[in-house]
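# Close look at the chain arrangement
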Amino acid sequence: MQISFIGAGKVGVSLGTYFIKKGRKVGGYYSLSPESAVWAASFTGTKQFNHLEQIMSSSDMIIFTVPDDRIAEVWEEAKPFANGKIIAHCSGIHSSKIFSDIERTGSIAYSIHPLCAISDRETSWEQLGDTLFTIEGDTRNISSITDMFTQMGNRTRTITAEDKSKYHAAASLASNHMTAVFFMAQKLFLECGFSEEEAREELYQLAKGNLENIHKQGCIRSLTGPIERNDIDTVKMHLCDLNSQQKAAYKENGKQLVAIAREKNPDRDYGEMDKLFAQNEMERA
């Protein structure tokens with residue numbers, strides 16, 4: 001089966017490279033930016049396609065790796081040439097239903113999402129071997145799609161179209177939102193006199209240890225710190241030293257930590273902590 005990509009950015013090039021390394025046949029790339037397609041084809045040793053009709057007719061499976069908000073638009077342009085193909089995209093948020101009227105083309109549609117952060121075109125493929133691929137779409141052939149990835153050594157999980165948004169929100173919280181929290185912590189370390197390199201390294205070691213604990217024993221058993229201990233005075237001191245944006249983020253995260261703490265310590269009264277985190281809401285009211 002020949003696989004080709006519409007879109008020659010980070011995701012398309014990373015997947016194409018990974019597929020080739022795993023012995024899959026990759027045809028090449030089409031892009032609205034011809035320069036990107038030329039680069040992707042050169043990097044992967046494949047072909048640059050100049051027209052949608054060309055890439056659609058010469059490929060068995062076409063994966064749309066264009067930005068999420070362009071998938072539907074590009075599909076409308078490619079649809080006239082989609083006859084009996086496997087059509088997929090890699091969006092975490094959109095389902096396969098974004099390929100409108102696909103049944104009229106005799107093709108079948110899937111969303112195939114790698115659960116990892118793909119940050120560049122040249123090296124991100126290296127992490128795909130240990131990545132979960134969540135797959136959603138036409139049930140008639142979905143086992144063949146999952147088999148394609150399990151044969152390459154990947155974990156797979158099928159998901160419904162209705163759960164895509166919730167799934168993607170969870171992934172964003174665990175990845176992008178974690179970056180925001182880390183950035184705030186790093187800024188506070190810089191204000192304490194740490195260099196950026198020192199702040200990044202020391203906070204990384206702290207966060208890494210916590211993630212390892214969560215991985216081994218779950219969130220509830222891993223929770224430590226002043227909120228879990230119900231140390232009101234310490235939390236008040238934290239809040240006094242934060243700016244308004246940091247304070248808002250601290251309080252919102254704190255509410256979640258209280259919920260976890262209650263599960264860990266069901267006999268402990270966290271009522272005063274609740275009141276402390278609710279103060280900004282009462283002030284706005």
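The coordinates are above.
How each quantity is defined
Residues numbered from 1 in each chain as written. Predicted model: local features only at pLDDT ≥ 70, side-chain atom pairs only at ≥ 80, totals over all residues. Heavy atoms only, no water. Pairing = 2+ DSSP bridges. Helix = DSSP H or I, 4+ residues; strand = E, 2+ residues; numbered from the N terminus. Buried < 20%, exposed > 50% of the residue type's maximum accessible area, 1.4 Å probe, protein only. Lys, Arg positive; Asp, Glu negative; His and termini not counted. Salt bridge = Lys/Arg side-chain N within 4 Å of Asp/Glu carboxyl O. Polar contact = N/O pair within 3.5 Å; in protein donor to acceptor, adjacent residues only side chain to side chain. Contact = heavy atoms within 4.5 Å. Expected span 1.5 Å × (residues − 1). Core = buried A, V, L, I, M, F, W, Y, C linked by side-chain atoms within 4.5 Å. Phe/Tyr/Trp six-rings, centres within 6.5 Å; stacked < 30°, edge-to-face > 60°. Lys NZ or Arg CZ within 6 Å of the ring centre and 35° of its normal.

Think of a sheet as strands paired side by side through backbone hydrogen bonds, with each pair either parallel or antiparallel. Strands sit in the order S3-S2-S1-S4-S5-S6-S7-S8 across an open sheet of eight strands; the sheet is mixed. Looking along the sheet, the strands with just one partner apiece sit at the ends: strand S3 (47–48) and strand S8 (155–158). Here strand S1 (residues 2–6) pairs with strand S4 (residues 61–64) via four bridges, running parallel. Bridge assignment links isoleucine 3 to a residue of S4, and that residue is methionine 61.

Assignment of secondary structure puts lysine 164 in helix H6 (residues 164–174). No salt bridge is formed by the buried lysine 164; its nearest oppositely charged neighbour, glutamate 136, is found at 5.3 Å. Of note is the side chain of lysine 164, whose polar atom sits 3.3 Å from the side chain of serine 111. With residues near it in sequence (within four places) discarded, lysine 164 still touches Ser91, Gly92, Ile93, His94, Ser95, Ser111, His113 and Ile159.

Turning our attention to helix H1 (residues 10–21). When the terminal C-alpha atoms of H1 are compared, their 16 Å separation across twelve residues agrees well with the 16 Å that a helix rising 1.5 Å per residue should span. Considered for burial, the residues of H1 that qualify are Gly12, Val13, Ser14, Leu15, Gly16, Thr17, Tyr18 and Phe19. Looking at the buried side of H1, the elements it contacts are S1, strand S2 (25–30), helix H2 (34–44), S4, strand S7 (132–137) and helix H5 (142–150). Positive phi appears at glycine 23, one or two residues downstream of H1, with a value of about 85°.

The next thing to look at is the nonpolar core. Within the largest apolar cluster, 28 residues are counted, with the highest numbers of intra-cluster contacts made by Phe19, Met61, Tyr110, Ile112 and Phe149. Membership of the second largest hydrophobic core comes to 19 residues, among which are Ile6, Phe49, Leu52 and Ala109.

Given two aromatic rings, one states the distance between the centres and the angle between the planes to describe the pair. Applying the stated rule across the entire model yields eleven aromatic pairs. Between tyrosine 18 and phenylalanine 19, the ring centres sit 6.4 Å apart and the planes meet at 45°, which makes this aromatic pair tilted. Considered together, tyrosine 18 and phenylalanine 19 belong to a single accessibility category, that of buried residues. Here arginine 121 stacks its cationic end above the ring of tryptophan 39, 3.8 Å away from the centre of that ring.

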